[in-house]
Amino acid sequence: MHTMLLGTLCILLGHQTLWLGLFGKLYGTLVATLPTDPIAGRLIEWLSVERTLILGAIAFLCGAGMNLWLVKEWWDVALGELELRHTLRHALWGLTEMVVGVQTAYGGLFLGLLQQLRAPVGTPSAQKEPAASTST
């Protein structure tokens, strides 16, 4: 049981760390503090908001399906005790998939927001022009 819990923890932390790495790489390239990385650039371009929302929803729904199966198993034993060896694996996979799905969707949304900063900082197009005053 402890190995499964540790595996779940490693998957969740690793997934979140990968997202943080992509955020940092994109932001560093946008503000010109990091050189462009062609591999990260292709991955960031592929991870559109739409794709990440779809992938996140699929992962979340798979995890929710596993947990609904567990509720059915629990209902079948009249809400009594479940066999831990049989059900814990499914519960952990369901939890992991649901959390990874939500992290993927949120990560894709934040990556999309960062991509909106494509105009280099300090250029005239990035700065707002003052509104023209009309005097009579």
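Nothing here was measured: the structure is a model prediction, and the numbers come from that model.

(A) Structural detail: the packing of aromatic side chains. Summed over the entire model, instances satisfying the criterion amount to 2 aromatic pairs. Between the aromatic rings of Phe23 and Phe110, the centroid separation amounts to 4.8 Å while the plane-to-plane angle is 80°, which identifies the pairing as edge-to-face. Residue Phe23 is found in helix H1 (residues 2-30), and its partner Phe110 is found in helix H4 (residues 84-115); the two are separated by 87 residues along the sequence. Under the relative-accessibility criterion, Phe110 is labelled partly exposed at 40%. Joined through ring pairs, the aromatic side chains of Trp19, Phe23 and Phe110 make up one cluster.

(B) Representation of unusual backbone geometry in the model. Phi at Ala32 takes a positive value of approximately 60°, unusual for a residue other than glycine. Relative to the helices and strands, Ala32 is located in the loop between H1 and helix H2 (38-46). In the Ramachandran plot, Leu79 falls in the positive-phi region, its phi being about 60° despite a non-glycine side chain. Tracing the sequence through the fold places Leu79 in the loop between helix H3 (49-76) and H4. What makes Leu79 partly exposed here is its relative accessible area of 44%.

(C) Summary view of the nonpolar core. If you look at the biggest cluster of nonpolar residues, it comprises 9 residues: Trp19, Leu22, Phe23, Leu26, Leu30, Ile44, Leu47, Leu111 and Leu114. Counting only elements with at least two residues in this core, the list comes to H1 and H4. Looking at which element gives the most residues to this core, the answer is H1, with 5 residues. For Leu22, the contacting residues outside a window of four places in its chain are Leu43, Ile44, Leu47 and Leu111.

Rules behind the numbers
- Residues numbered from 1 in each chain as written.
- Predicted model: local features only at pLDDT ≥ 70, side-chain atom pairs only at ≥ 80, totals over all residues.
- Heavy atoms only, no water.
- Phe/Tyr/Trp six-rings, centres within 6.5 Å; stacked < 30°, edge-to-face > 60°.
- Helix = DSSP H or I, 4+ residues; strand = E, 2+ residues; numbered from the N terminus.
- Buried < 20%, exposed > 50% of the residue type's maximum accessible area, 1.4 Å probe, protein only.
- Core = buried A, V, L, I, M, F, W, Y, C linked by side-chain atoms within 4.5 Å.
- Contact = heavy atoms within 4.5 Å.

Coordinates in, geometry out; function isn't part of it.
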